[in-house]
Amino acid sequence: MKLLGLSGSLVGWKTNVAVHNVLTAAKDLDSNIETELLDLRDYEVEFMNGDPLAYYNEDTWNVVNKVTSADLLVIGTPIFQASISGALKNLFDHLPVDAFKGKVTGMVTNGAIDKHFLVSEYQLKPILTYLKALVPTTSIFIHEDAFNDVNEIIDKEVSERIKVLSEEMLFLQKCLDSK
């Protein structure tokens, strides 16, 4: 089983760290799971203009294929202006409508304003369910105060929620795979 962590930020490190922590927690729960962190800053995903995927560059093609070939995913995004990142939304626009069918897809968001925890429920979750994802009941919003100066998560409650999300994701995916 392959768990892909997608960091949907082109700036900073908090989203990358948060997604990495979910991957590590999942690996701690099941050492047989294969994990990969896909950080959008490492790729030149072209802006979606409506053309078929074959017309886009190799990075765009590779990212879309990595996302669609994963067995389950955790998607992370910073919250900018009460919304998900433009880079992440652009990637979603490249995906087929059933990209996440039969896949558990967890959500991790981070930001500076407490009320932005709602963005995952009102923006990200509807996109994921449109793409046919099974979204766990647990989602994580991490306030910037939960990180230290070198972007490590120092809030024990956040670390516990990351573990709970990982447990729920693995449980749900194993239930789907057993059918």
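Predicted model, so just to flag it, every value in this text is computed and none were measured. (Residues numbered from 1 in each chain as written. Predicted model: local features only at pLDDT ≥ 70, side-chain atom pairs only at ≥ 80, totals over all residues. Heavy atoms only, no water.)

Sorry if this is basic, but what is going on with the environment of Met 169 here?
Relative to the helices and strands, Met 169 resides in helix H5 (residues 156-177). Looking at Met 169, the relative accessible area reads 1%, which means it is buried. For Met 169 and Asp 59, which are 110 residues apart along the polypeptide, the C-alpha to C-alpha distance reads 28 Å. (Helix = DSSP H or I, 4+ residues; strand = E, 2+ residues; numbered from the N terminus. Buried < 20%, exposed > 50% of the residue type's maximum accessible area, 1.4 Å probe, protein only.)

Would you mind going over the pairing of strand E2 (residues 34-39) with me for this structure?
Remark: a regular strand shows side chains that alternate across the two faces of the sheet. Sheet topology places strand E1 (residues 2-7) next to E2; six bridges connect them, and they run parallel. Bridge pairing in E2 places Lys 2 opposite Glu 34. The parallel pair E1 and E2, bridged by helix H1 (residues 14-29), forms a crossover whose chirality is right-handed. (Pairing = 2+ DSSP bridges. Right-handed = clockwise from strand over helix to strand, strands pointing away.)

Can you help me understand helix H2 (residues 58-69) in this one?
Quick reminder: α-helices carry 3.6 residues per turn. Residues three or four places apart thus point the same way. Over its 12 residues, H2 extends 16 Å from the first C-alpha to the last, a length consistent with the 16 Å expected when each residue adds 1.5 Å. If you check which residues of H2 are buried, you get Thr 60, Val 63, Val 64 and Val 67. Along H2, the residues classed as buried sweep out an arc of 95 degrees about the axis, all on the same side. Away from its buried face by more than 90 degrees, H2 exposes Glu 58 and Ser 69. Next to the buried residues of H2 lie E1, E2, strand E3 (72-78) and helix H3 (86-94). For H2, the capping residue at the N-terminal end is Asn 57, with a side-chain oxygen 3.3 Å from the backbone nitrogen of Asp 59. (Expected span 1.5 Å × (residues − 1). Arc of directions from axis to C-beta. Contact = heavy atoms within 4.5 Å. Polar contact = N/O pair within 3.5 Å; in protein donor to acceptor, adjacent residues only side chain to side chain.)

Whenever I open this one, the pattern of salt bridges confuses me. Can you help?
Two side chains that carry opposite charge are able to pair once their charged atoms sit near each other. Going through the model one piece at a time under the given rule, you end up with seven salt bridges. Measuring nitrogen to oxygen at the nearest pair gives 3.2 Å for the salt bridge that ties Lys 174 to Asp 30. Of the two residues, Lys 174 sits in helix H5 while Asp 30 sits in the loop between H1 and E2, which places them 144 residues apart along the sequence. Glu 36 is the partner of Lys 66 in a salt bridge, and the nearest nitrogen-oxygen pair spans 2.6 Å. Taken together, the residues Lys 66 in helix H2 and Glu 36 in strand E2 connect sequence positions 30 residues apart. What makes Lys 66 partly exposed here is its relative accessible area of 27%. With a relative accessible area of 18%, Glu 36 lands in the buried category. Connected via shared salt-bridge partners are Lys 2, Glu 34, Glu 36 and Lys 66. (Salt bridge = Lys/Arg side-chain N within 4 Å of Asp/Glu carboxyl O.)

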